[in-house]
Amino acid sequence: MTKTNAGNFFEDFRLGQVITHATPRTVTSGDVALYTALYGSRFAVNSSAEFARSIGLAANGAAPVDDLLAFHVVFGKTVPDISLNAVANLGYAAGRFGALVYPGDTLTTVSTVIGLKENSNKQTGVVYVRSTGTNQKGEMVVEYVRWVMVRKRDVNAVVSEESVPELPGSVAAADLIIPAGLDLKAYDGTLAGSPHRWCDYAVGEKIDHVDGMTIEEAEHMMATRLWQNTAKVHFNQYTEGQGRFGRRLIYGGHIISLARALSFNGLGNAFKLVAFNGGRHANPTFAGDTIHAWSEVLEKIEIPGRSDVGALRLRLVATKNQPCAAFPFKAENGKDFDASVVLDLDTTVLMPR
Amino acid sequence: MTKTNAGNFFEDFRLGQVITHATPRTVTSGDVALYTALYGSRFAVNSSAEFARSIGLAANGAAPVDDLLAFHVVFGKTVPDISLNAVANLGYAAGRFGALVYPGDTLTTVSTVIGLKENSNKQTGVVYVRSTGTNQKGEMVVEYVRWVMVRKRDVNAVVSEESVPELPGSVAAADLIIPAGLDLKAYDGTLAGSPHRWCDYAVGEKIDHVDGMTIEEAEHMMATRLWQNTAKVHFNQYTEGQGRFGRRLIYGGHIISLARALSFNGLGNAFKLVAFNGGRHANPTFAGDTIHAWSEVLEKIEIPGRSDVGALRLRLVATKNQPCAAFPFKAENGKDFDASVVLDLDTTVLMPR
Amino acid sequence: MTKTNAGNFFEDFRLGQVITHATPRTVTSGDVALYTALYGSRFAVNSSAEFARSIGLAANGAAPVDDLLAFHVVFGKTVPDISLNAVANLGYAAGRFGALVYPGDTLTTVSTVIGLKENSNKQTGVVYVRSTGTNQKGEMVVEYVRWVMVRKRDVNAVVSEESVPELPGSVAAADLIIPAGLDLKAYDGTLAGSPHRWCDYAVGEKIDHVDGMTIEEAEHMMATRLWQNTAKVHFNQYTEGQGRFGRRLIYGGHIISLARALSFNGLGNAFKLVAFNGGRHANPTFAGDTIHAWSEVLEKIEIPGRSDVGALRLRLVATKNQPCAAFPFKAENGKDFDASVVLDLDTTVLMPR
């Protein structure tokens, strides 16, 4: 029997199956420094322990780590079990951030299979999983649903039970988790780098984040290894050079982090991600591509009982090799994505009022 | 109104204007590891907590971070306000290092506009700022003057008050800050990696640092993002590919750190930068360039009341794609820099006697 | 007299000479994050403080660092004294890991010259050194013998005393150091990521580790600088472009770490390296090469008095641009290495029973 992990194929999954993923991971200030070096993020709450303390979010003298750093660590663990034989990562929904993550916290991930749907060609099927990352105290730090198209090992394998889950269009306001201790009375907009607060944004407003960032092979590979994400397509030019694109594919989460960091220019006070309502990697990206991003305000959400903080539901769109002054999104047919669009992410963020 | 930061143009600055820059930054051991990975620095006082302790400079069990790491963090914060619309970074003067920076310290930067001079073409002007970085205790960690040529938004804008500051040729010996607690009695030259002490160097002596270091795009971009420096020219190949050089420009500070790290070979006991007397980025650098460096001893400075430590004023010159055995510096006309020279930095360093 | 380090030439070494190497180095969690980013290692004991605690190996709340991280730091210090004028790194033997290394530990290295043998061409000679890395408490963390071919400064120099040391074929079972406090009763194979324990492996078994990893210039240079390894061939494209290969050579230790990380897929429970019995860098590697690896079980070793842990002696082979399904090793002549083979390393690892 081979001792290497061949990953699960579509027919290996069962509805309701619970998978405890390997490789618990202690997050450190080393990860935080690499996150800054890879994405250039400037949100003050993650950059400065003093700033985090001023709004009630420091712990043991440290700032919380970027929400997406926690997401990537939690996500990376799922790859060897869920998507090693994936053809495509189809989407995200119902993503929610819980307890803040601090250097020293150890994260683990458990996934539950909540949907299975074989494709008509019998060669692949779609697997829906809800993945939950927890810290060493058992607190949820991030949870989300994603669905991936996974190859079958054997086209003749019969899949016993199928079901497609109903997924919410967005995380309800009442389900958003406001960090314990958060108090924005002393929030310093000068140090944060933006004068624009919650009340300054209007539904329908679109913001071109202006800046662009070109990606190098060494960068996306270092990031993807840092999250212990083992998807082969990101690392092996020998194999990928003979494959569909002739190149290594960039981990979609790398684009999410770049787009979020670029969004600082225009959304500098959107200091905390609280939800991924949904998302799609619209097109693949490769080393050499330059990422730009734009956002649209979809909804303004009042947080019950809070006058210091509000939430914005935002569409965050990233493109490759296409500045975003014209807000590129759909193709001329009005249905497909424009060829330049690589990410369409529906998020909810917190902002001082 | 756009919510993105367009940066300041020449006519936006006023003499005496004080700018508190955004994004306070807590320095960590993660930044230190990246600094080592990016530059390969080998000064023992920054590499080993035990060595730092042996000369009185450890705090909370840790070594102080490289002086240039502190400089880059402090400098990076000034970019969105001072040089987003810069055409050229013209020079540095009056740079001085103060309190040592340790992992856990949080740095912020404030700048004062000390000079303004419009260019005769009315399209640009030179802005002089004194920038001061402080730690969470309010202690100065590094301060320096730099001047940059900044575009005007409107060529017809009238600039009310102009003035060019007088800048010192060098930081006076009495103004150099010797770190509190420094005691070189137990300084171990074997562990430090060099037998050559202060008394072994002579004014006029030139040292070819021999080694060369080739720069990759991923390296200079990771560094520049780590310092949260947002200058667009370093990151966006889509735009720069259509620009003056057809390529991303490397942050000048990256070259300073490479040259300082290369200078270890010949100046291994120059364990601490205490001043930037002046400096120029003589020519631009790009990925693929190989940096070499040489130094010249300009002055030997006694530190009043100290027999364990002396200072050297050094010219540190870096070149691209040109070894330094012949000490390349000026062009044949005796005035311009040789085309290979990329940095001319006048520094003062401490060395055990 | 020049103040730069020209390194030692063959005739500068003496049998029995003891060399204390420069640049003590405090290891931090920043180094650990970079190690993960560079190699993608997934051994749970180094990834999670909680996991390390569960098997008795956490200290001050932290997991021990990867054994190879300690090796690289210890090795790097030897380069300026031992191999700056090396033509080739010929081999390793008698490598043994001692005290675990934790963030905060400071490492130093001392080498003893144990063999010298001039080559018949009188232009080079082979230097054998035993290098020992110790922590701030004076405990050995790793020791090994390596031999390198070093140039002579002067072909006419006479070498007084020559001797070739006898080296053991492998580290004896009784000499393997089992970490103090290790207790595998609570070892969690699910979190560790592999169901295969010591008893599941058989002598002669070969494992293709399947995955491949392509190397970029920025990655191997950042790694090699992180270990403060100063060998010129890794960094200077200006010089190397005119040299034997026309390219920068990759530090052999970079390949060892990649191969060890790849070996997780098939040897996920081989949680600790305890010996390098011997090793060869069979061929040079360059940026763009894709590394694959395979292992062969050479020996199963019982640890006296322990029912929870056993050791495996393994041959770890790495290739460039050649998947390992056919276990490439020797060339058709049965003597030389196959042209694709870049590493042949004989190691001993610990594994839960």
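Details of the structure are given in the entry above.
For the structure given in this document, a descriptive report is provided here. On a predicted model such as this, the values are computed, not experimentally measured, just so you know.

Rules used in this analysis
Residues numbered from 1 in each chain as written. Chains lettered and ligands numbered in written order. Predicted model: local features only at pLDDT ≥ 70, side-chain atom pairs only at ≥ 80, totals over all residues. Heavy atoms only, no water. Helix = DSSP H or I, 4+ residues; strand = E, 2+ residues; numbered from the N terminus. Rg over C-alpha atoms; globule rule 2.2 N^0.38 Å. Buried < 20%, exposed > 50% of the residue type's maximum accessible area, 1.4 Å probe, protein only. Core = buried A, V, L, I, M, F, W, Y, C linked by side-chain atoms within 4.5 Å. Contact = heavy atoms within 4.5 Å. Least-squares fit on C-alpha atoms with pLDDT ≥ 70 in both.

### Considering the overall build of chain A
Within chain A, the secondary structure is distributed over 8 helices and 12 strands. The C-alpha atoms of chain A give a radius of gyration of 20 Å, which matches the 20 Å a tight globule of 353 residues would have. Dimensions of chain A, computed from C-alpha atoms along their principal axes, come out at roughly 60 × 50 × 40 Å. Evaluated residue by residue, chain A yields a buried proportion of 64% over its 353 residues.

### Overview of the nonpolar core
In this structure, A:Phe71, B:Phe71 and C:Phe71 are the most contacted members of the largest nonpolar core, which totals 181 residues. Setting aside residues up to four positions removed in sequence, C:Phe71 forms contacts with C:Tyr92, C:Phe97, C:Val142, C:Tyr144, C:Tyr251 and C:Phe276.

### Comments concerning the environment of A:Lys77
Residues and elements named next belong to chain A. Its location among the elements puts lysine 77 in helix α4 (residues 67–82). Here lysine 77 falls in the buried class, since its relative accessible area comes to 3%. Expressed as a C-alpha distance, the spacing of lysine 77 and proline 24, which sit 53 residues apart in the sequence, is 8.1 Å. Contacts of lysine 77, omitting those with residues within four sequence positions, involve His21, Ala22, Thr23, Pro24, Arg25, Leu107, Thr108, Thr109 and Gln228.

### Comments concerning unusual backbone geometry
Notably, A:Asn60 is not glycine yet its phi reads approximately 50°, a positive angle. Secondary-structure assignment places A:Asn60 in the loop between α3 (49–54) and α4. Unlike most non-glycine residues, B:Ala94 shows phi in positive territory, near 55°. Its place among the elements puts B:Ala94 in strand β3 (residues 86–97).

### Notes on the relation of the copies chain B and chain C
Of the transformation superimposing chain B on chain C, the axial component is 0.0 Å and the angular component is 120°, with the fit at an RMSD of 0.0 Å. In symmetry terms, the pair is related by a three-fold rotation axis. Relative to the rotation axis, the closest C-alpha in chain B is found at B:Gly30, a distance of 2.2 Å. Each copy contacts the other with its own distinct surface, as only 11% of the interface residues of chain B are interface residues in chain C too.

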